[in-house]
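Analysis of the macromolecular model
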Amino acid sequence: MIKAANRLGLVFFPAYDWAISPTHPEREERLLYTQDQLREEGIFDIKGITELKPDIATETDIMRSHFCFPDVSSVTTESHLISAGGALRAARAVMDGEVDRAFALVRPPGHHSMKCVHGNRGFCNINNEAIMIEYIREHYKTRRIAIVDTDCHHGDGTQDIFWHDPDVLFISLHQDGRTLYPGSGHLREMGGPNARGRTINIPLPPYTSEDGFIYTIDEMVLPILEDFKPEIIINSAGQDNHYTDPITNMNFTAHGYALLNEKLKPHIAVLEGGYSIQGALPYVNLGIVLAMAGLDYSHIKEPDYDTNYSPQDEEITDYIKQLKKPVLDNYFNPRPDMERAPEGEFTLRHKNIYYDTDGIQEDQREYIMTCKNCRGLLYIESSSSVNPPCVGIDIPVNGCARCTKEGYKLFDKAVKQGNFRTVQMTDRVNKKYERHSR
Amino acid sequence: MLLGIDVGGTHTDAVLIDEQKGIISKFKVKTYKNNLLDTVITALKEVTSGFDVKQITNVNLSTTLSTNAIVENRLEKTALFISSGPGINPSNFCIGKNTYIINGSIDHRGNEVAALDTDYISKALSECKNEGIKVFAAATKFSTRNNTHENEIAEAIGDRADYVTMGHELSSQLSFPRRAATAYYNSAVWRIYNSFIDAIIGGLKNIGITAPVNILKADGGTMPLAVSRKIPVESILSGPAASIMGIIALSSIKDDSVILDIGGTTTDIAIFAAGSPLIDKEGTSLDGIPTLVRSLQNRSIGIGGDSVIKIIDGEITVGPEREGPCMADGGNEPALVDALNYRGIIKYMDTARSSEGISALAKKSKLSPDDLAEKAVNFSIRKIRDEINRILDEINRKPVYTIHEMVHGHKIIPKKMYLIGGPARALSMVMSDGIEILVPENYDVANAIGAALARTTFETELFSDTGKGKMIIPNIGIEEQVSRKYSLEEAEADARRYTREFLEKSGYRIKDTDITIIESSSFRMINDYHASGNDLRVKCQVKPGVVMHLHK
Ligand SMILES: [Zn+2]
Ligand SMILES: [Zn+2]
């Protein structure tokens, strides 16, 4: 009988009774063939691999990471609460020492969900990884966390949520935004005024293959992680970089994903996208599972690998090599934000956000306090084509007394003013989450 | 009259049941491990003595023969041919010295990706010939979706084999490692099992019993003798299932319940949900090896009547070891039964010897004999209770795959506890914790009663890819062309019909209503945003049950 080198928890939740719409890629059987493959391989009989049942995320779990407008239940369904709950279960298993690593194979995905939620963007309503990270920081002593997003699409939601957070390092590898949804994730996007260099984007050219991805991991991601020294590493394990994926243009493989995972050694992986559900997902997921368990994955190969996969052109190799310097500079010597407000004042950012799945347009004014004692109070005014103006206030983890006091002042003012549909207070210092709706 | 025999590890029990009068004869004898046949024949003769054997209409036999052969490694040299395609390194699945890994691959949709390496098969076969191997097993990955590779291997082996087991014939379940192991063990016990059966038939004839014979399986059901000759591995671990079926016959269980079968060395724990025993869907494990043999969920812990009492770091513990029988029964070390004797809960055999043992052990501790006996009994009860809670926790935390089940899933909360086995009555008197405890009559031969009254069980799974126009039911050899419009309703009807036809042909006696659909799903498959047919899966089973109940 096979014994895993690392104890691995697998939260497998395929949501066989849920789809965005009947022909949408995010539909019922997305993980069916993956489950077939994992069961046929006997994965669940491997000593050290345990299948775990997801938790169901609570409203509080979601309010810790998001401002949901008008409220949590309007923008989520049970499927989202279970998917996020799957990530929470994975986190609990690792944090409590039940297992060494955990992989949440859950759907729907979450990495396009931003701090404010008015609906579904890029198949996502709420951000599973962000909800998991805030859960960890609330219930355990862990503070420094790194997320490496290996989905083909830029993890713009996760970036937005941790944009101002210097304790969470967010690294996204993705197909260059000039060629793919959501269009963001450029080198110049490198974190808010108080967290410069804590958001690292690595936009890769279309048709990047195994070599390109592994080079990026070895030469850019690992040196940064080594310096940042996170207490835990999270992998947003999207699988749409695969050469058979129908909605992207990359050229990655199951073996490559396994090797990437082996190098990255994430404590927790959470499935994101990946829509080649027959040709890629069964093999990529198997590869990730074996790599996380510390088992031999060298026998994994897609059925059409020999005919349909080819290594990348030299041009692409050269292009990726040239990314190394600016990427490392962004982390090691980030340019300061010229627009950063002086101490005790707010820096303003205007944002227009489009929700492709639901066709919603959102307008945002985001204020972040420059504070020498904490990472700064966050205040957002947001309105959208489905909601009148709303407000979200976030007093950060380890927020200082001034920011806490200021946060409540703004909350009272917004409530009293009476023209906001919803005012949400997220007080991470006192673990208080409240919503005032009109 | 119905005859049931359960050949257990320590005892063999037999009962004769009259459809009107209930149990009319029972017999218990020690199992002679080295001569199971003699044991069975003795039990048969004794239990039927004084009755007209011509009135016996059915014989059900539960035997540890295959289990013992595997656990004690008394196996025939068997060649295992496996072909795995991409995935886990197949060398992990070698069993014995003659496993041959053949290149070739079938994917999860049942498409052939690479043909079998027939040259290598020929080479392997000549090696087998030189080594005098006569039994073979073939298991290929995803053979339950496409069995051509297993068939090709079996054809290549041809008549140089006395028997070839093909994995897809054992179960429709996915799990290549389990398929390989189960096929291997099936072939490895095939000969010893068949000669045992031949001898049993001879024995029955001598006694004058001509009724049909069925063999008990781990899922609490039976299979006709002729069927069991091809799938002897299905007879493993039928003993615990026999006891569980016995309880069903002896009590009317309708709620969530716990069943405890307390034996000499172990206590078997089973859980019932709304009156039905839980089935281990993936298959049972034998000696740590996962198989595809369907089984009733059942867990054994090392606490029984003969479990020895010890003092470890000043603490009183019981089991898991057994140092011979309890002192009341002539042993040398005090055991749980001796503690029960001392406390006056039971009066079993030589109670003076029990007192002697308990007092002697108490001297070594700072406890009074009475305290020591009480602590030993409490320790045992606590151990059993902890294990019950652990099992319930595992069952209630079992993953589910739909939102509906996540939100509306049923949680098992036992309301009753049924105790059987030797020390059952004694423990029932001290095991009170808010739960209703019942000890059915005739609990001492519940296993043989379960064997006698168990009905047939069976399971099939239909799989169809309507895009390809294909429908298969692997373990009963059905493969059909279907139209693109083939619906889930049609699939369910086909699953029922083909299962019934197969069972009738194989000598099972069933009613149409015995076949129930337990899982049924239809997924629309989409390729590049276009519908490409449906993925249909229908699982049906003949549920475990008893032909009659014995309680009033
Ligand atoms: Zn994606
Ligand atoms: Zn502050």
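Rules of the game
Residues numbered from 1 in each chain as written. Chains lettered and ligands numbered in written order. Predicted model: local features only at pLDDT ≥ 70, side-chain atom pairs only at ≥ 80, totals over all residues. Heavy atoms only, no water. Helix = DSSP H or I, 4+ residues; strand = E, 2+ residues; numbered from the N terminus. Rg over C-alpha atoms; globule rule 2.2 N^0.38 Å. Buried < 20%, exposed > 50% of the residue type's maximum accessible area, 1.4 Å probe, protein only. Contact = heavy atoms within 4.5 Å. Areas by Shrake-Rupley, 256 points an atom, 1.4 Å probe, with all protein chains shown as cover. Lys, Arg positive; Asp, Glu negative; His and termini not counted. Charge placed at Lys NZ, Arg CZ, Asp CG, Glu CD. Pairing = 2+ DSSP bridges. Axes fitted to C-alpha atoms, helices over the stretch in contact; angles between N-to-C directions. Expected span 1.5 Å × (residues − 1). Donors = N, O, S within 2.8 Å, 3.2 Å for Na, K, Ca; no water. Tetrahedral: all angles 85-135°; square planar, octahedral: opposite > 155°, others 65-115°. Buried area = accessible area lost by both parts, 1.4 Å probe. Salt bridge = Lys/Arg side-chain N within 4 Å of Asp/Glu carboxyl O. Polar contact = N/O pair within 3.5 Å; in protein donor to acceptor, adjacent residues only side chain to side chain. Nonpolar A, V, L, I, M, F, W, Y, C, P; charged D, E, K, R; others polar. Domains from an automatic or database assignment. Phe/Tyr/Trp six-rings, centres within 6.5 Å; stacked < 30°, edge-to-face > 60°. Lys NZ or Arg CZ within 6 Å of the ring centre and 35° of its normal. Right-handed = clockwise from strand over helix to strand, strands pointing away. Core = buried A, V, L, I, M, F, W, Y, C linked by side-chain atoms within 4.5 Å.

What follows covers the overall build of chain B. The helix and strand inventory of chain B stands at 14 helices and 29 strands. Relative to the globule expectation of 24 Å for 552 residues, the C-alpha radius of gyration of chain B, 25 Å, shows essentially globular dimensions. Along the three orthogonal principal directions, the C-alpha set of chain B runs to about 75 × 55 × 50 Å. For chain B, with 552 residues in total, the buried portion stands at 59%. Taking the intrachain contacts of chain B between residues at least 6 apart in sequence as the baseline, contacts between residues at least 24 apart amount to 63%. Accessible surface computed for chain B: about 22,700 Å², of which carbon and sulfur atoms make up 48%. Averaging the locations of the 63 positively and 69 negatively charged side chains of chain B gives two centres separated by 1 Å.

Once that is clear, we can look at the sheet that holds strand β12 (residues 222-224) of chain B. Residue and element names in this part refer to chain B. The 6 strands are arranged β3-β2-β1-β4-β11-β12 in an open sheet whose pairing can be described as mixed. Pairing within the sheet leaves two strands with one partner each, and these edge strands are β3 (22-30) and β12. Across the sheet, the mean angle separating the axes of adjacent strands is 20° when strand polarity is ignored. With 3 bridges joining them, strand β11 (residues 213-216) and β12 adopt antiparallel strand pairing.

Take helix α7 (residues 238-250) of chain B next. All names here are of chain B. Its 13 residues place the ends of α7 18 Å apart at the C-alpha level, agreeing with the 18 Å of an ideal helix rising 1.5 Å per residue. The buried fraction of α7 is high, at 12 of 13 residues. Within α7 the residues assigned to the buried category are S238, G239, A241, A242, S243, I244, M245, G246, I247, I248, A249 and L250.

Let us look at the coordination of the zinc ion (ligand 1). Residue and element names in this part refer to chain A. The zinc ion (ligand 1) binds to the protein through D151 (OD), D151 (OD), H153 (ND1) and D240 (OD), with metal-donor distances spanning 2.0 to 2.8 Å. Around the zinc ion (ligand 1) sit 4 donor atoms, and with donor-metal-donor angles ranging over 51 to 155° the site reads as irregular. For the zinc ion (ligand 1), all donor residues lie on one chain, and their spacing in sequence is D-x1-H-x86-D. Within this pair, whereas D151 is found in the loop between β6 (145-149) and α6 (156-162), its partner D240 is found in the loop between β9 (232-237) and α8 (254-264), the two being separated by 89 residues in sequence. With respect to burial, D151 and D240 carry one shared label: buried.

Across the contact, 46 residues belong to chain B and 48 residues belong to chain A. Taken over both partners, the interface formed by chain B and chain A buries close to 4,000 Å², and the fraction arising from carbon and sulfur atoms is 58%. On the chain B side of the interface with chain A, the three residues burying the most area are B:Y401, B:I403 and B:M406, jointly 19% of the side's total. Put simply, chain B and chain A have 5 salt bridges between them. Where B:R179 meets A:E40, a salt bridge forms, and the shortest distance between an N and an O atom there is 2.6 Å. The interface formed by chain B and chain A includes 20 residue pairs in polar contact (both at pLDDT 80 or more). Put simply, the parts of the chain that give the side of chain B that touches chain A at least two residues each are α5 (176-207), α11 (403-408), β28 (515-527) and β29 (530-542) of chain B. Counting residues per element, the side of chain B that touches chain A draws most heavily on β28(B), which supplies 5 residues. Residues that form the side of chain B that touches chain A fall into these classes: 20 nonpolar, 13 polar and 13 charged.

With that settled, consider unusual backbone geometry. Residues and elements named next belong to chain A. A cis amide bond links F69 with the next residue in sequence, P70, at an omega value of 0°. Of note in the backbone geometry, Y207 takes a positive phi value of approximately 70° without being a glycine. Here Y207 is to be found in the loop between β8 (199-204) and α7 (210-228).

Here we take up the domain arrangement of chain B. All names here are of chain B. Looking at the assigned domains, one finds that chain B contains domain 1 (2-71 + 192-242), domain 2 (78-188), domain 3 (252-439) and domain 4 (459-542). Inter-centroid distance (C-alpha atoms) of domain 2 to domain 3 is 41 Å. At the interface, 8 residues of domain 2 touch 9 residues of domain 3. Summed over both sides, the interface of domain 2 with domain 3 buries roughly 760 Å², with 61% coming from carbon and sulfur. In terms of surface lost to domain 3, no three residues of domain 2 exceed Q173, R178 and T182, which account for 67% of the buried area on that side. Our count for the contact surface shared by domain 2 and domain 3 stands at 0 salt bridges.

A separate point is the packing of aromatic side chains. Aromatic ring pairs are reported here in terms of the distance separating the ring centres and the angle at which the planes meet. Tallied over the entire structure, the rule returns 19 aromatic pairs over all chains. Ring geometry for A:F123 versus A:Y275: centroids 5.3 Å apart, planes at 85°, classification edge-to-face. Here A:Y275 lies in the loop between β10 (268-271) and α9 (281-293) and A:F123 lies in the loop between β5 (116-117) and α5 (128-139), a separation of 152 residues in the sequence. Classification of A:F123 as buried rests on a relative accessible area of 14%. Aromatic pair A:F252 and A:Y257: ring centres 4.7 Å apart, planes at 55°, arrangement tilted. As far as the burial class goes, A:F252 and A:Y257 line up, both buried. Ring-pair connections join several aromatic residues into one group, and the members of that group are A:F12, A:Y16, B:Y401 and B:F523. The ring of A:F228 has A:R144 sitting right over it, with the charged end atom 4.1 Å from the ring centre. The cationic tip of B:R145 hangs over the ring face of B:F463; the distance from NZ or CZ to the ring centre is 3.9 Å.

On to the domain arrangement of chain A. Residues and elements named next belong to chain A. Taken domain by domain, chain A consists of domain 1 (3-332) and domain 2 (346-437). Centre-to-centre, using C-alpha coordinates, domain 1 lies 27 Å away from domain 2. Contacts between the two partners involve 34 residues from domain 1 and, on the opposite side, 42 residues from domain 2. A buried area of about 3,000 Å², summed over both sides, lies between domain 1 and domain 2, and 53% of it is on carbon and sulfur atoms. When the buried surface of domain 1 facing domain 2 is broken down by residue, M63, F67 and H118 rank first, second and third, together holding 22% of it. On inspection of domain 1 and its partner domain 2, the count reaches 7 salt bridges. The salt bridge involving R349 is made with D160; its shortest N-O contact spans 3.6 Å.

What follows covers the coordination of the zinc ion (ligand 2). Residues and elements named next belong to chain A. Coordination of the zinc ion (ligand 2) by the protein is provided by C371 (SG), C374 (SG), C400 (SG) and C403 (SG), with metal-donor distances spanning 2.2 to 2.3 Å. Each of the 4 donor atoms bound to the zinc ion (ligand 2) contributes to angles spanning 100 to 118°, and the resulting shape is tetrahedral. Within one chain, the residues donating to the zinc ion (ligand 2) are spaced in sequence as C-x2-C-x25-C-x2-C. Under the relative-accessibility criterion, C371 is labelled buried at 8%.

Two faces make up the sheet, and in a regular strand the side chains alternate between them. Residues and elements named next belong to chain A. Across the 11 residues that make up strand β1 (residues 3-13), a large majority, 8, are buried. Remark: the β1/helix α1 (residues 32-41)/strand β2 (residues 47-52) crossover connection has right-handed handedness. Here 6 bridges tie β1 to strand β4 (residues 101-106), and the two strands are oriented parallel to one another. Residue pairing in the sheet places L10 in a bridge with F103 of β4.

Take the nonpolar core next. Residues A:I43, A:F103, A:I171, A:I202 and B:I209 are the most contacted members of the largest nonpolar core, which totals 141 residues. Here this core gets 14 residues from one element, more than from any other, and that element is α5(B). In terms of nonpolar packing, the next biggest core, distinct from the first, is built from 71 residues, B:V15, B:I253, B:I271 and B:A424 among them.

Here we come to the sheet that holds strand β15 (residues 422-427) of chain A. The pairing of strands in a sheet comes from backbone hydrogen bonds and takes either a parallel or an antiparallel form. All names here are of chain A. Pairing is mixed across the open sheet formed by 6 strands, whose spatial order is β11-β12-β13-β14-β15-β16. The outermost strands of the open sheet, each flanked by one partner alone, are β11 (346-355) and β16 (432-437). Strand-to-strand, the axes of this sheet are offset by a mean angle of 15°, without reference to chain direction. Pairing of strand β12 (residues 360-369) with strand β13 (residues 378-384), which is carried by 7 bridges, proceeds in the antiparallel orientation.

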